[in-house]
Amino acid sequence: GWCPLSPTGAQTTQLLVEPPWIPALLSDSVTLTCQGSGTASETTWYKDGRQWGKKGPNSFTVTESGTYRCHRPGTGRSPPVTVSDDWLVLQVPARPLVVGDTVTLRCRS
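Predicted, not measured: the structure shown is a model, and the values here were computed from it. Numbering of residues begins from 1 in every chain and follows the order in which that chain's sequence is written. Only residues with pLDDT of at least 70 are given local features in this predicted model, and only at 80 or more are side-chain atom pairs given and counted; all residues enter the totals for whole chains, interfaces and linings. Side-chain figures throughout are based on the complete set of non-hydrogen atoms in the structure, without hydrogens or water.

**Student:** Before we move on, could you go through the side chain of Thr43 and cite the residues and values that matter?
**Tutor:** Mapped onto the elements, Thr43 comes out in the loop between strand 4 (31-35) and strand 5 (44-47). Classification of residues uses two cut-offs on accessible area relative to the type maximum, computed with a 1.4 Å probe and protein chains only: under 20% is buried, over 50% is exposed, and between them is partly exposed. Taking the relative accessible area as the measure of exposure, Thr43 reaches 0% and is therefore buried. Any N or O atom pair separated by 3.5 Å or less is treated as a polar contact, with the protein-specific requirement of one donor-capable and one acceptor-capable atom, and with residues adjacent in sequence counted only for side-chain atom pairs. A distance of 2.8 Å separates a polar side-chain atom of Thr43 from the backbone oxygen of Ala40. A helix here means a DSSP run of H or I that spans at least four residues, while a strand means a run of E at least two residues long, and both kinds are numbered starting from the N terminus.

This is how it looks when you write it as structure tokens:
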């Protein structure tokens, strides 16, 4: 995995995706894991902009397509992760990319 630090060195809340491809595909049995300060039981999940489910757990397997975020009290809300059930998806690696990186794209159908 990669370090959940922003370029400034300030810690942020991150949403890790397994398998590590964006947009995630529902058929891949995607696991989302919230990474940030505080305990796992303080994790708040959002789906499509609305609070979703109870607080916690830290990690779960997605069963519905949508856009997910998580929130930790110390580090705030994560960037969004989209889980798609489209029949044709172009995926990029779920990691920070910088200019000059060689990137493998995946076309899934």
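After that view, the rundown keeps rolling.
**Student:** Tell me about a nonpolar patch on the surface, and name the residues and values.
**Tutor:** Patch construction takes residues with relative accessible area above 30% that form no salt bridge. Like charges are linked within 9 Å, and nonpolar side chains (Val, Leu, Ile, Met, Phe, Trp, Tyr) are linked within 5 Å. Exposure was quantified through the Shrake-Rupley algorithm and a 1.4 Å probe, taking into account, for residues, occlusion by the shown protein chains and nothing else. Salt bridge, as used here, is a side-chain nitrogen of Lys or Arg placed within 4 Å of a carboxyl oxygen of Asp or Glu. A surface patch of nonpolar side chains, amounting to about 380 Å² of accessible area, comprises Leu90, Val92, Leu97, Val103 and Leu105. With respect to the helices and strands, the residue Val92 is situated in strand 11 (residues 89-93). When its relative accessible area of 31% is taken as the criterion, Val92 is described as partly exposed.

**Student:** Please provide a residue-by-residue account of the state of the cysteines, values included.
**Tutor:** Throughout, a disulfide means two cysteine sulfur atoms within 2.5 Å of one another. Inspection of the entire model under this criterion finds 1 disulfide. What pairs with Cys34 in a disulfide is Cys70, and their sulfur atoms sit 2.1 Å apart. Handedness of the Cys34-Cys70 disulfide follows from its S-S torsion of about 80°: it is right-handed. Of this pair, Cys34 sits in strand 4 while Cys70 sits in strand 8 (residues 66-72), and the two are 36 residues apart along the sequence. By relative accessible area, which is 0% here, Cys70 ends up buried.

**Student:** Describe in detail unusual backbone geometry, supporting the description with residues and values.
**Tutor:** Each neighbour pair has its own omega, and for Ile22 with Pro23 the value is -10°, a cis peptide bond. Looking at the element boundaries, Pro23 is found in the loop between strand 2 (21-22) and strand 3 (24-25). The linkage connecting Gly56 with the following residue, Pro57, adopts the cis geometry, with an omega of -15°. Mapped onto the secondary structure, Pro57 falls in the loop between strand 6 (50-51) and strand 7 (59-61). One non-glycine residue, Ser29, lies in positive phi territory at about 55°. Residue Ser29 is classed as partly exposed on the basis of its relative accessible area of 49%.

**Student:** Please set out the packing of aromatic side chains residue by residue, giving values where relevant.
**Tutor:** Pairing of aromatic rings covers Phe, Tyr and Trp, the last through its six-membered ring, and needs centres within 6.5 Å; plane angles under 30 degrees mean stacked, over 60 mean edge-to-face, and all others mean tilted. Throughout the structure, instances matching the rule amount to 4 aromatic pairs. Consider the rings of Trp45 and Phe60, whose centres lie 4.7 Å apart with planes at 85°: the pair is edge-to-face. Taken as a pair, Trp45 in strand 5 and Phe60 in strand 7 lie far apart in primary sequence, 15 residues in all. Here the aromatic rings of Trp52 and Phe60 are separated by 5.2 Å at their centres, their planes lie at 40°, and the arrangement is tilted. Here Phe60 falls in the buried class, since its relative accessible area comes to 14%. Feature note: the residues Trp45, Trp52, Phe60 and Tyr68 constitute an aromatic cluster, connected by ring pairs. For Arg77, the ring lying beneath its charged end belongs to Tyr46, and the centroid distance is 3.9 Å. A ring is scored as having a charge over it whenever the NZ atom of a lysine or the CZ atom of an arginine sits within 6 Å of its centre and within 35 degrees of its normal.

**Student:** I'd love a proper account of the sheet that holds strand 4, names of residues and values included.
**Tutor:** Note: two strands are recorded as paired if DSSP finds a minimum of 2 bridges between them. Strand order across the open sheet formed by 3 strands is 1-4-7, with antiparallel pairing between neighbours. Across the chains shown, the open sheet's two edge strands, defined by having one partner strand only, are strand 1 (14-18) and strand 7. This sheet shows a mean twist of 20° between the axes of neighbouring strands, independent of strand direction. In the sheet, strand 1 pairs with strand 4 via 5 bridges, with the strands oriented antiparallel. When the sheet's bridge partners are listed, Val17 is paired in strand 4 with Leu32. Here, axes are lines fitted to C-alpha atoms. For helices the fit covers the stretch in contact, and angles between N-to-C directions go from 0 to 180 degrees.

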